[in-house]
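Single-letter residue listing:
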Amino acid sequence: MEPSIRLTFKRKFIAGLIVTIPVAISIFILIQLFKIIDGLLGPIYDYIFGRHIAGLGFLTALILVFVVGVISTNVFGKKLLDQIEKLLFLKIPIFKSLYSSLKQLIDAFSPENKTSFQKFVIVEYPRKDSFVFGFQTKECILKENDMEKKLIAVYIPTNNLYLGEVVLFEPESVIHTNIPVQEGIKIILSGGIAAPQIIRGDK
């Protein structure tokens, strides 16, 4: 095989891997999720119908999640779920802490939550001339004696997306980008590969 042909083949093969590996991993995860959920609910239907119907447990789980989603998006349903949450999930000491932490974490990444990640920003951290992406989460006031100072809380992912640090910056130290929060999440999850070539920002 000639060098040029070998090089072309290598490039095409690598390009193919880049496309197929995420697809293969996604399919694998979906299959495993299907097996786990179907394995949990399947035996119930096996008992009712006297035989195994593949996928029925998984389909039931999807319908249940959809129904809960419909209920949670209307006023009455949200109040009902809040009451169930207070009566059941927030009464058990250990479970309460775990549930509350996980719920806050999931809510932060929900597109329905308008008060979690406000903006996708760039800050100089952890040292001078070193810049990182982050998510502005809140503005607060620091009172010190008779002085007040406005600070911006920025969540900086340090391990993929779900682990990170919350750092307080002065407003002039935060660069606001033109990148929407959802696109910012994609950039973090891709390890920066999805970042645009040109990022427009202002302080």
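How each quantity is defined
- Residues numbered from 1 in each chain as written.
- Predicted model: local features only at pLDDT ≥ 70, side-chain atom pairs only at ≥ 80, totals over all residues.
- Heavy atoms only, no water.
- Patch = residues over 30% accessible without salt bridge, like charges linked within 9 Å, V, L, I, M, F, W, Y side chains within 5 Å.
- Areas by Shrake-Rupley, 256 points an atom, 1.4 Å probe, with all protein chains shown as cover.
- Salt bridge = Lys/Arg side-chain N within 4 Å of Asp/Glu carboxyl O.
- Helix = DSSP H or I, 4+ residues; strand = E, 2+ residues; numbered from the N terminus.
- Phe/Tyr/Trp six-rings, centres within 6.5 Å; stacked < 30°, edge-to-face > 60°.
- Buried < 20%, exposed > 50% of the residue type's maximum accessible area, 1.4 Å probe, protein only.
- Expected span 1.5 Å × (residues − 1).
- Arc of directions from axis to C-beta.
- Core = buried A, V, L, I, M, F, W, Y, C linked by side-chain atoms within 4.5 Å.
- UniProt positions renumbered as here; feature names shortened; annotations may be inferred.

A. Quick look at a nonpolar patch on the surface. Taken together, the side chains of Leu59, Leu62, Ile63, Phe66, Val67, Val68, Val70, Ile71, Phe76, Leu80, Leu81 and Ile84 make up a nonpolar region of the molecular surface, amounting to roughly 1,100 Å² of accessible area. For the nonpolar patch, the secondary structure elements donating two or more residues are helix 2 (56-72) and helix 3 (75-89). Here the nonpolar patch takes 8 residues from helix 2, the largest share from any one element. When you line up the elements, Leu59 lands in helix 2.

B. The arrangement of the packing of aromatic side chains in detail. Per the stated rule, a full pass over the model turns up 6 aromatic pairs. When the centroid spacing of 5.2 Å and the interplanar angle of 55° are considered together, the rings of Phe120 and Phe135 count as tilted. Taken together, the residues Phe120 in strand 1 (residues 119-124) and Phe135 in strand 2 (residues 131-144) connect sequence positions 15 residues apart. Here Phe120 and Phe135 have matching classes, each one buried. Ring geometry for Tyr125 versus Phe169: centroids 6.3 Å apart, planes at 80°, classification edge-to-face. Note that Tyr125 is positioned in the loop between strand 1 and strand 2 and Phe169 in strand 4 (residues 163-169), a separation of 44 residues in sequence. Residue Phe169 is classed as buried on the basis of its relative accessible area of 8%. Cluster of aromatic residues (ring-pair linked, three or more members): Phe117, Phe120, Phe133, Phe135 and Tyr155.

C. Molecular detail of helix 2. Compared with an ideal rise of 1.5 Å per residue, which puts 17 residues at 24 Å, helix 2 spans 24 Å between its outermost C-alpha atoms and is within 8% of the ideal. All buried positions along helix 2 are accounted for by Gly57, Phe58, Thr60 and Ala61. On an axial view of helix 2, the arc spanned by its buried residues comes to 160°, and they lie on one face.

D. Expanded view of the nonpolar core. Within the largest apolar cluster, 9 residues are counted, these being Phe117, Phe120, Phe135, Tyr155, Ile179, Val181, Ile185, Ile187 and Ile188. Looking at which element gives the most residues to this core, the answer is helix 5 (residues 181-189), with 4 residues. The next biggest cluster of nonpolar side chains, apart from the first, holds 8 residues, and it includes Val123, Ile152, Ile156 and Val174.

E. Representation of the UniProt feature "transmembrane region" (unreviewed entry) in the chain within the structure. UniProt records the feature "transmembrane region" (unreviewed entry) at residues 12-33 and 53-76, using the numbering of this structure. Helix makes up 79% of residues 53-76 and strand 0%, with an end-to-end C-alpha separation of 35 Å.

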